[in-house]
Amino acid sequence: VQLQVSGGGPVQTGGSLRLSCAASGRTVSDYAMGWFRQAPGKERDFVAAIAWSGSKNTFYADSVKGRFTISRDDAKNTVYLQMNSLKPEDTAVYYCAAVDTIMIGPWPPTSMDYWGKGTQVTVSS
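These notes cover the structure that comes with them. (Residues numbered from 1 in each chain as written. Predicted model: local features only at pLDDT ≥ 70, side-chain atom pairs only at ≥ 80, totals over all residues. Heavy atoms only, no water.)

**Focus on the pairing of strand E5 (residues 44-50)**
The buried fraction of E5 is high, at five of seven residues. With six bridges joining them, strand E4 (residues 32-38) and E5 adopt antiparallel strand pairing. Paired with Gly34 across the two strands is Ala49, which belongs to E5. Between E4 and E5, which pair antiparallel one after the other, the connecting turn spans five residues, and Gly41 there sits at a positive phi close to 75 degrees. (Buried < 20%, exposed > 50% of the residue type's maximum accessible area, 1.4 Å probe, protein only. Helix = DSSP H or I, 4+ residues; strand = E, 2+ residues; numbered from the N terminus. Pairing = 2+ DSSP bridges.)

The structure is reproduced here in structure tokens:
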């Protein structure tokens, strides 16, 4: 599975961005999908997860709950992360990842099977 991430960029506090993760090579419907982020000098952290297409259950890190929404469009082989009410502490490189599991997150980064390249999100105050 190849994952192509897009949609990052600069935004002001309180603004919104939508990240996309387009998959190729295999259908993402068989995989659980997740978003992670890594701020400078910090470890890569779990952000959000969505179960495989048979379930579509979601799970969020406490820091983004109520502000971020993960979704998937299996017809487009794409997963999204809608980010609202952005804060400066959301600034990070955001990554999409896939894992062959029926378990929902949070997952440690080491458990993921496939990764996309990151996209920078910068929230200015």
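Still to come is the rest of the account.
**Re the pattern of salt bridges**
Overall, the coordinates contain four salt bridges when judged by the stated rule. Residue Asp62 is joined to Lys65 by a salt bridge in which the shortest nitrogen-to-oxygen separation is 3.1 Å. We classify Asp62 as exposed; its relative accessible area is 66%. One salt bridge connects Arg67 with Asp90, and the closest N-O pair in it is separated by 2.7 Å. Separated by 23 residues along the polypeptide, Arg67 in the loop between strand E6 (58-60) and strand E7 (68-73) and Asp90 in the loop between strand E8 (78-83) and strand E9 (92-99) bring together distant segments of the chain. A relative accessible area of 10% places Arg67 in the buried class. (Salt bridge = Lys/Arg side-chain N within 4 Å of Asp/Glu carboxyl O.)

**Quick look at the packing of aromatic side chains**
One pass over the structure, following the stated rule, counts six aromatic pairs. Between Phe46 and Phe59, the ring centres sit 6.1 Å apart and the planes meet at 50 degrees, which makes this aromatic pair tilted. Of this pair, Phe46 sits in strand E5 while Phe59 sits in strand E6, and the two are 13 residues apart along the sequence. A relative accessible area of 13% places Phe46 in the buried class. (Phe/Tyr/Trp six-rings, centres within 6.5 Å; stacked < 30°, edge-to-face > 60°.)

**Things to note about the environment of Ser124**
Its place among the elements puts Ser124 in strand E11 (residues 119-124). Judged by its relative accessible area of 34%, Ser124 is partly exposed. Between the C-alpha atom of Ser124 and that of Thr69, which follows or precedes it by 55 residues, the distance is 21 Å.

**Points about the state of the cysteines**
Applying the stated rule across the entire model yields one disulfide. The disulfide that involves Cys21 links it to Cys96, with 2.0 Å between the sulfurs. Taking the sign of the S-S torsion, about -75 degrees here, the bridge from Cys21 to Cys96 comes out left-handed. Placement of Cys21 in strand E3 (residues 17-24) and of Cys96 in strand E9 is noted, with a sequence separation of 75 residues between them. Residue Cys21 is classed as buried on the basis of its relative accessible area of 1%. (Disulfide = S-S within 2.5 Å.)

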